[in-house]
Amino acid sequence: MKALGYRFSFFAGFVVGTFTLYVFLRQMWFERTVAEQQANSFGKFFDQLGGEDKLWKKERSALFNLKHPHHIGEDGRVADELYKKVRILCWVMTGPNNLEKKARHVKSTWSRHCNIVVFMSSVDDPDFPTVGLGTKEGRDQLYWKTIRAFHYAYDHHANEADWFLKADDDTYVIVDNLRWVLANHTPDEPIYFGRRFKPYTKQGYMSGGAGYVLSREALRRFVEGFTNKVCTHTTSVEDLAMGQCMEKVGVLAGDSRDTSHRETFHPFVPEQHLTAKFPKSFWYWSYCYYPISEGPSCCSDISVSFHYVDAAGMYLLEYYTYHLRAFGYKYRYQPPTPKNYRIEHLSFPNSADGQKQMASQEKEHGKVDNPSRSAQEQDPDPPPAAGKDPPPDAEE
Amino acid sequence: MLSEGGSFIKGVVLGGLFCLVVSLLSSFSSVTESNTDDHHHHHVKAASKDELKHFSDGQLLELNNRIQVYCIIMVQPKNLVYWATTLDTWSKHCDKPVFYTSEASKALEAIDLNEKDDWSRLRKALTHAYKNAGDLRWFFLAQPTTFAIIENLKYLVLTKDPEEPFYLGRAVKSGELEYVEYDGGIVLSYEALKRLVQVFQDEEKCPEKGRALWKLSEDKQLAVCLKYTGVFAENGEDTNGKGLFNTKSVDSLIQDSMRDNPTDVVEGCCSDLAVTFNGMSPNQMQVMMFGVYRLRPYGHDFHDLLTFYPPEGSDND
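Residues numbered from 1 in each chain as written. Chains lettered and ligands numbered in written order. Predicted model: local features only at pLDDT ≥ 70, side-chain atom pairs only at ≥ 80, totals over all residues. Heavy atoms only, no water.

Peer 1: When you look at the overall build of chain B in this model, what are you seeing that I'm missing?
Peer 2: A tally of helices and strands in chain B yields 10 helices and 12 strands. Scored against the burial criterion, the 317 residues of chain B give a buried share of 50%. When contacts within chain B are restricted to residue pairs at least 6 apart in sequence, long-range pairs at least 24 apart make up 77% of them. Element-wise, carbon and sulfur atoms account for 52% of the exposed surface of chain B, whose accessible area totals about 14,700 Å². In chain B, 32 side chains carry a positive charge and 46 a negative one; their mean positions are 4 Å apart. (Helix = DSSP H or I, 4+ residues; strand = E, 2+ residues; numbered from the N terminus. Buried < 20%, exposed > 50% of the residue type's maximum accessible area, 1.4 Å probe, protein only. Contact = heavy atoms within 4.5 Å. Areas by Shrake-Rupley, 256 points an atom, 1.4 Å probe, with all protein chains shown as cover. Lys, Arg positive; Asp, Glu negative; His and termini not counted. Charge placed at Lys NZ, Arg CZ, Asp CG, Glu CD.)

Here you go:
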C-alpha cells in the first residue's frame, strides 16, 4: 500500500514538474522572439527614416523632389527629359484629419513624381509638412482653400515650375503621363487641362476631383483676376467657380484626350470606368463635354488621374502603373513623341535607324487618328537585331 | 506522509529536468531539420537580363517563337461569370486556351468531360491536353478564378528545357509532401505531363479513386502521382527570389504589405513580373487587364530582349 502511494506521488510530481517547466520555457522563448522582432522593426524604422530624408528636400513647407524615381532595369531617359522640361508643382488639397488617413499615402506614392509637391491644409504642420491656408475645414471652404492655395503657389513658386496641378488627397495622378499631355504646350499659353465638364459655362470647366492643371500664364491671370476683382469667391463649388474665373480671364479649357480621343483624367476609380454601366439618369452622362465611352475605350493607356482612390488603392495603382507588367509585351497604343522632343540625341547604337524613325515620326504628327496602325513606325526602341543595349543602367 | 511528499518533490525535480533535456534536444534537431528543409525546397528562378545577353539574337528569336503555352482551364457552369471573364481576359494570351468543363453549358463552349468528380475530371483534362499538345511544350493548369499573365510565365521558363520534367508554381509543404497550390496555377513541362499521363495508368501509385478515408485535394494528389515519377514541386521565383505565383488577390497582398511594410508597401508586396493572382472579382480582373497590358507611365521603357504581340480581335489589352 505504502509503496504504491510513493510511486503515485512520484509520478504526480514528475508530471507537475514537466508541465511547469514546459510552460515556463515556452513563455521565455516567446518573450525572446517578440523582443527580437521589436528590435528588428526599430532598426528598420530608423533605416527608413534616414532613407526618406535623401529623397526630399524640405523647404518652405514644400517638398522638392531630389530623385525622380527610377526602376531597376528601366530606360527612363525620355521621362527624365520631360521631367526637366515640363516642371510640375503638385498641390494636394488635404486637412489635419486626413494627414494620416490619406495624405500620407499620396506622399508615399504618386507625389514623388512631381517636381515640387505642397500639401495644403487649413493648419500649418511643419513636420508633414503642410501649409496652413488660414481657412476652416469643410466642403463650403473648398473654393477658399483653392484660391489661397493657388495664390500661395504663385507667390512662392511661380519661377520654379511651369505647370500647377491641383489634386485631392484621394486623387491618384500619373505625373509622367501628365507631362506627355502638357509637352506639346508651353507655360506661356493661357490654358488649363483636366476632365472637361460642359454645364453652366460656355467653354466648360474641369472636374475638381479628377485634378486639373494650370499653365504658369493661367495661374498668373487667375491671381491677377482676384487682384482686379474680375474673379471673386462666387460659390463654394470649387471646380465650377474655377472654370467661371478661367473663362473670365481668357484662359482656354484644353482637350486632354489622347490621340485616340480617349480620356486621360478620370473622376472615378478604374474599376468603375472600365466595368460599370452608369445608369442613363446619372449626372455623369449629361456633364461630360466629350462623348462618354464605357468599357476599355473609357480610358487612355496613358491615363493621368483617377478619383475616389483610397489608401490601398493608391499603392495598387502605383503597382499597376510603375511595377507590374507583361514581359516583352508590345503595347497596342504607342503615344506619339511630343513635338519638340528629339530622341536622336539619346544615343542609340544604330544611328541610321534613329534617323529613319525621326523622319517617320515627323510625318506622324500630321495624323491624329489610329496610332495603333502606325505602331511599328513610331516605336522609338532600337530594333533588337542591333545586338547591343543602350548605355547600361547604373542600377543593374 | 513526509516520505510521500519527498517522492513528490523528487518527481517534480526529475520532471523538470526531463522537460529541459527534451526541449534542448528538440531545438537542436529542429535547427538541423530546417537546414535540410531548405535543401529540399526547390526554387526555379527566371533568367536575369545578364543571362539572356549570352544568347545570340537568333537564339532569342527562336526561343521567342518556340515557347508556346497550352492553357488547361477547368471550368464549371456554376462559376459561369468567372468562366466568361477568363475567356474575355487573360486566356486570350495563351497560345492554345482550352476550357474543360464538368458539364455542358448553354452559354459558353468548352470540352465537356462530363465528370463531376474533381480528381477524375482533372486526370481526363490532363490526358486530353497531352494527346492534343501538337507542338506545344508547356502546360498551364488553372481555374477561372485565377488571373495569369502568360508572358511572364514564358519569361520564367524561357531558358528551361521542356524535355526535362518541370512542375512549377507556388510550392508549399504539407507534412512530407511538397506540392504546387492549385489556386496559384500549375505549370507542367511536356516531360512532366508525359510522365504524369503514364502514371495515371498505375492504379497502385496513382489511383483514380483515392484510397484514404478523407479526400486529398487535387493539387496534393497531383503531387503524389508526380513524385512517383521522380518529378518534384518547385517554387517559381523572379531573379530576386520573390514568388511569382500568388494564391491571394492583388489587393489582399497590398493590404498585407501595408501592414507588414508600411514604409515600402509596393516594393515589399509583389513581383513586377508576377505570373498569377487568385481570388479577384471579375471586375478586378478587368482592371488587372488594364493595369498589366495598357496602363503605364510615359517615357519609361524596358528594352526586353523578347517581344510578345497583342492577340487578334481583342480590345482590352
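Peer 1: Quick question: what am I supposed to make of unusual backbone geometry here?
Peer 2: Working note: non-glycine residues mostly have negative phi, and peptide bonds are mostly trans. Residue and element names in this part refer to chain A. Cis rather than trans, the peptide bond between F128 and P129 has omega equal to 0°. With respect to the element layout, P129 can be found in the loop between β4 (116-121) and β5 (130-132). Here the phi dihedral of K229 falls at roughly 60°; this positive angle occurs in a residue that is not glycine. By the element assignment, K229 lies in the loop between α6 (216-227) and α7 (238-248). One non-glycine residue, Y308, adopts positive backbone phi at about 65°. Mapped onto the elements, Y308 comes out in the loop between β13 (305-307) and α10 (311-323). Residue classification places Y308 among the exposed positions, given a relative accessible area of 52%.

Peer 1: Before we go on, may I ask you to explain the pattern of salt bridges in this structure?
Peer 2: With the rule as written, the count across this model stands at 31 salt bridges over all chains. A salt bridge links D301 of chain A to R294 of chain B; its shortest N-O distance comes to 2.8 Å. With D301 of chain A in the loop between α9 (283-287) and β13 and R294 of chain B in the segment after α10 (282-293), this residue pair bridges two chains. With respect to burial, D301 of chain A and R294 of chain B carry one shared label: buried. (Salt bridge = Lys/Arg side-chain N within 4 Å of Asp/Glu carboxyl O.)

Peer 1: Explanation requested: the sheet that holds strand β7 (residues 167-169) of chain B in the structure shown.
Peer 2: Neighbouring strands of a sheet are bound in pairs by backbone hydrogen bonds; such pairs are parallel or else antiparallel. Residue and element names in this part refer to chain B. Spatially, 8 strands are ordered β1-β11-β7-β10-β5-β2-β3-β4 in an open sheet, and the strand pairing comes out mixed. Where the open sheet ends on each side, the last strands, each with one partner, are β1 (42-45) and β4 (111-112). As defined by bridge partners, β7 adjoins strand β11 (residues 234-237) across 2 bridges and the pair is classed as parallel. Within β11, the residue paired with G169 across the bridge is N235. Of the strands in this sheet, β1, β2 (69-75), β5 (138-142), β7, β10 (186-189) and β11 are in contact with helix α6 (residues 150-157), which crosses β2 at around 130°. (Pairing = 2+ DSSP bridges. Axes fitted to C-alpha atoms, helices over the stretch in contact; angles between N-to-C directions.)

Peer 1: Could you clarify how one ought to interpret the packing of α6 of chain A against α7 of chain A in this entry?
Peer 2: The geometry of a pair of packed helices is captured by two quantities: the angle between their axes and the separation between those axes. Residues and elements named next belong to chain A. Look at α6 against α7: their axes get within 10 Å of each other, and the N-to-C directions meet at 95°. Judged on the interaxial angle alone, α7 and α6 are roughly perpendicular. For the pair formed by α6 and α7, the contact residues are A218, F222 and F226 on the first element and M242, C245 and M246 on the second. The residue inventory of the contact of α6 with α7, partitioned by class, reads 6 nonpolar, no polar and no charged. (Parallel < 35°, antiparallel > 145°, perpendicular 65-115°, else oblique. Nonpolar A, V, L, I, M, F, W, Y, C, P; charged D, E, K, R; others polar.)

Peer 1: What am I meant to see in the packing of aromatic side chains here?
Peer 2: Describing an aromatic ring pair means giving the distance of the ring centres and the angle of the ring planes. A complete count under the given rule lists 36 aromatic pairs over all chains for this structure. Arranged with centres 3.9 Å apart and planes meeting at 20°, the rings of F327 of chain A and Y155 of chain B form a pair that is stacked. Taken together, the residues span two chains, with F327 of chain A in the loop between α10 and α11 (351-364) and Y155 of chain B in helix α6. Each member of the pair F327 of chain A and Y155 of chain B is classed as buried. Directly above the aromatic system of Y289 of chain A lies the positively charged group of R196 of chain A, at a separation of 3.8 Å from the ring centroid. The side chain of R296 of chain B reaches across the aromatic face of Y331 of chain A, ending 3.7 Å from its centre. (Phe/Tyr/Trp six-rings, centres within 6.5 Å; stacked < 30°, edge-to-face > 60°. Lys NZ or Arg CZ within 6 Å of the ring centre and 35° of its normal.)

Peer 1: Please clarify how the nonpolar core should be interpreted in this entry.
Peer 2: As a rule of thumb, soluble globular proteins bury nonpolar side chains together. In this structure, W110 of chain A together with W90, F140 and F277 of chain B are the most contacted members of the largest nonpolar core, which totals 109 residues. If you tally residues by element for this core, the top one is α10 of chain A, at 8 residues. Excluding residues within four positions of it along the chain, F277 of chain B makes contact with Y319 and L324 of chain A together with T145, T146, F147, N246, K248, S249, V250, L253, C270 and M288 of chain B. (Core = buried A, V, L, I, M, F, W, Y, C linked by side-chain atoms within 4.5 Å.)

Peer 1: How should the side chain of H157 of chain A be read in this particular structure?
Peer 2: Residue and element names in this part refer to chain A. Tracing the backbone shows H157 in helix α4 (residues 142-157). Given the relative accessible area of 0%, H157 is considered buried. There is a polar contact of 2.7 Å between the side chain of H157 and the side chain of E160. Not counting chain neighbours up to four residues away, the residues in contact with H157 comprise R60, A62, F64, L89, I116, V118, Y152 and F164. (Polar contact = N/O pair within 3.5 Å; in protein donor to acceptor, adjacent residues only side chain to side chain.)

Peer 1: It is not clear to me how the pairing of β11 of chain B should be interpreted in this structure. Could you clarify?
Peer 2: Along any regular strand, the residues point their side chains to alternate faces of the sheet. All names here are of chain B. Residue alternation in β11 divides its side chains into two sets, E234 and G236 and N235 and E237, and both sets are buried. In the sheet, β1 pairs with β11 via 4 bridges, with the strands oriented parallel. Of the residues in β11, the one forming a bridge with K45 is E237.

Peer 1: Looking at this structure, I do not really get the interface of chain B and chain A. What am I missing?
Peer 2: A common measure of how large an interface is: the accessible area buried when the components associate. Counting from both sides, the interface comprises 70 residues of chain B and, opposite them, 78 residues of chain A. Counting the surface lost from both chain B and chain A, the interface buries some 6,700 Å², and carbon and sulfur atoms represent 63% of this. Taken together, the links from chain B to chain A amount to 4 salt bridges. Among the ionic pairs, D317 of chain B bridges to R332 of chain A, the shortest N-O distance being 2.8 Å. Connecting chain B to chain A are 28 residue pairs in polar contact (both at pLDDT 80 or more). At 14 residues, helix α1 (residues 2-40) of chain B tops the list of elements feeding residues into the side of chain B that touches chain A. Residues of the side of chain B that touches chain A, tallied by class, amount to 34 nonpolar, 21 polar and 15 charged. (Buried area = accessible area lost by both parts, 1.4 Å probe.)

Peer 1: Explain helix α8 (residues 218-228) of chain B to me, please; I cannot follow it from the model alone.
Peer 2: Because the α-helix completes a turn every 3.6 residues, residues three or four places apart line up on one side. Residue and element names in this part refer to chain B. All buried positions along α8 are accounted for by E218, D219, Q221, L222, A223, C225 and L226. On its buried face, α8 is in contact with α5 (118-131), β5, β7, β9 (177-180), β10 and α7 (190-199). Count one or two residues on from α8 and you reach G230, which has phi positive near 85°.

Peer 1: Please clarify how α6 of chain A should be interpreted in this entry.
Peer 2: All names here are of chain A. For α6, built from 12 residues, the straight-helix expectation of 16 Å at 1.5 Å per residue is met to within 8% by its first-to-last C-alpha distance of 17 Å. If you check which residues of α6 are buried, you get E217, A218, L219, F222, V223, G225 and F226. Residues of α6 that are buried sit in contact with α4, β6 (163-168), β8 (191-194), β11 (212-215) and α7. Backbone geometry just downstream of α6 places K229 in the positive-phi region, at approximately 60°. (Expected span 1.5 Å × (residues − 1).)

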